[in-house]
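Single-letter residue listing:
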Amino acid sequence: MRLLAAFAVLAGTVLLVYLDRDGYRDSYDGRVGLVDAIYYTTVTLSTTGYGDIAPVTTQARLLNAFVVTPARVAFLVLLIGTTLEVLASQGREMFRVARWRKNMGDHVVVIGYGTKGRSAVHTLLSNGLDKASVVVVDPSPEALADAHEDGLAVVTGDATRRQVLRQADVHEARQVIITTDLDASNVLATLTVRQLNPDAFIVVAVREQENVPLMRQSGADSVITSSEAVGRLLGLSSLSPLLGSVMEDILTYGEGLEVAERDLLVNEVGQQPQRLPDQVIAVVRDEKVYRYFDPVVTQLARGDRLIVIRPARELPWAPRPGTHGEDAAESVERT
């Protein structure tokens, strides 16, 4: 738009000078034609001004004073404003990347900054993750602008290419979230990330359920089926609008109910999951998830972690042992 505006100012000034060409004198041949009008306009608007073509009549001089001079100012504002914006954008990006690189080795790489990617980042930041620990990889200019607006470091490019992922220091990342719109791209990105970083925890979104096994074979630790999850929520809402509202409440961050993970407390060792104050829905033991009614977790043991449903006001939840500052069973055992 700025480029078009600059050309519009240039073309309009050329037209004005050409229509009033009899009021100008060329030191070369005395006459001013269309080429001369274009030449005079370009050197005048750029403030070069060689003086070889000059207004000689009163009308031409007034035209220069009240029309051409404001056009010159507008033209320069457009050019300088665009240049400053580009330099400022590059400077902000360099600052973000420098700040992010200080957290290398413990950062999160988000591949794809569409609706799903932005929601994932928002959830991470709302739970205490620093913006400096997040880097976005996306080839889209729109996504680049959105990530910049959100204050995130961005690597522009195709995430299926090793060089692009190396610029994001994927080999040093703690977690990688892959949310592009194409399952094929997600598979290739997962394979490339896993080759570069065998230890990263990779979370991938897929559109079709049939692609879940392929994602896991490619190296994904967790696979979320977006289309099937939405379809199931639609079906539940059709069968029971109230049940659909509860599920939407759980999925909506920061309001009502939240699903959280916490450590087991000292006074909870040996108890049944159903008897705890929190609404326990699953137990994590030896990095395996058991439903709360599974016979394996009838009695809770040291080192267990609980998946619970709790009020959103009790967040942040991820690093916290309990809901009221109690000692965690695992930390007490270590001391």
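Just so it is clear, the model here is predicted, and its values are computed rather than measured.

Engineer: What is the right way to read a nonpolar patch on the surface from this model?
Structural biologist: There is a patch of nonpolar side chains on the surface, built from Leu 243, Val 246, Met 247 and Leu 257 and spanning about 280 Å² of accessible area. Ranked by residue count, the leading element in the nonpolar patch is helix α10 (residues 241–251), at 3 residues.

Engineer: Sorry if this is basic, but what is going on with unusual backbone geometry here?
Structural biologist: For residues besides glycine, phi is generally negative; the peptide bonds are generally trans as well. For Asp 169, which is not a glycine, the phi torsion comes out positive at approximately 55°. Locating Asp 169 in the fold gives a position in the loop between α6 (162–167) and β6 (175–178). One non-glycine residue with positive phi stands out, namely Glu 287, at about 60°. On the accessibility criterion, Glu 287 (67% relative accessible area) is exposed.

Engineer: Would you mind going over the side chain of Thr 192 with me for this structure?
Structural biologist: Along the chain, Thr 192 falls in helix α7 (residues 183–196). Here Leu 188 takes part through its backbone oxygen, which lies 2.8 Å from a polar atom of the side chain of Thr 192. Those residues in contact with Thr 192, other than ones at most four positions away along the chain, are Thr 160, Arg 162 and Leu 165.

Engineer: Mind showing me how you'd approach the sheet that holds strand β11 (residues 288–291) here?
Structural biologist: Strand pairing in a sheet relies on backbone hydrogen bonds. The paired strands run either parallel or antiparallel. Taken in spatial order, the 4 strands of this open sheet run β9-β12-β10-β11, and their pairing is antiparallel. The sheet is open, and its two borders are formed by β9 (257–263) and β11, each paired with just one other strand. Strand after strand, the sheet turns through a mean of 30° between neighbouring axes, direction not considered. In this structure, β9 lies alongside strand β12 (residues 305–311), joined through 7 bridges in antiparallel fashion. Of the residues in β12, the one forming a bridge with Asp 263 is Arg 305.

Engineer: Just checking my understanding: could you explain the packing of helix α1 (residues 2–19) against helix α2 (residues 34–45) for this structure?
Structural biologist: Axis separation between α1 and α2 bottoms out at 9 Å; the angle between their running directions is 130°. When the axes of α1 and α2 are compared, the pair comes out oblique. Crossing handedness for the pair α1 and α2: right-handed. Taken together, the residues of α2 that come into contact with α1 (itself represented by Val 9, Leu 10, Thr 13, Val 14, Val 17 and Tyr 18) are Leu 34, Ala 37, Ile 38, Tyr 40, Thr 41, Thr 42 and Leu 45. Of the residues in the contact of α1 with α2, the class split is 10 nonpolar, 3 polar and no charged.

Engineer: Mind showing me how you'd approach the pattern of salt bridges here?
Structural biologist: It is possible for side chains bearing opposite charge to pair when their charged atoms get close. What the rule picks out here adds up to 6 salt bridges. Between Arg 305 and Glu 261 there is a salt bridge; the shortest N-O distance is 2.4 Å. Of this pair, Arg 305 sits in strand β12 while Glu 261 sits in strand β9; the two residues are 44 residues apart in sequence, bridging distant segments of the chain. A residue is classified by how much of its surface remains accessible, and Glu 261, at 27% relative accessible area, is partly exposed. One salt bridge in this structure joins Arg 305 and Glu 287, with 3.6 Å as the shortest N-O distance. Highlighted residues: Arg 305 in strand β12 and Glu 287 in the loop between β10 (279–285) and β11, separated in sequence by 18 residues. Since its relative accessible area comes to 22%, Arg 305 is described here as partly exposed.

About the cut-offs
Residues numbered from 1 in each chain as written. Predicted model: local features only at pLDDT ≥ 70, side-chain atom pairs only at ≥ 80, totals over all residues. Heavy atoms only, no water. Patch = residues over 30% accessible without salt bridge, like charges linked within 9 Å, V, L, I, M, F, W, Y side chains within 5 Å. Areas by Shrake-Rupley, 256 points an atom, 1.4 Å probe, with all protein chains shown as cover. Salt bridge = Lys/Arg side-chain N within 4 Å of Asp/Glu carboxyl O. Helix = DSSP H or I, 4+ residues; strand = E, 2+ residues; numbered from the N terminus. Buried < 20%, exposed > 50% of the residue type's maximum accessible area, 1.4 Å probe, protein only. Polar contact = N/O pair within 3.5 Å; in protein donor to acceptor, adjacent residues only side chain to side chain. Contact = heavy atoms within 4.5 Å. Pairing = 2+ DSSP bridges. Axes fitted to C-alpha atoms, helices over the stretch in contact; angles between N-to-C directions. Parallel < 35°, antiparallel > 145°, perpendicular 65-115°, else oblique. Left-handed = near helix turned anticlockwise from the far one by under 90°. Nonpolar A, V, L, I, M, F, W, Y, C, P; charged D, E, K, R; others polar.

Such coordinate-based values are descriptive only and should not be taken to indicate function.
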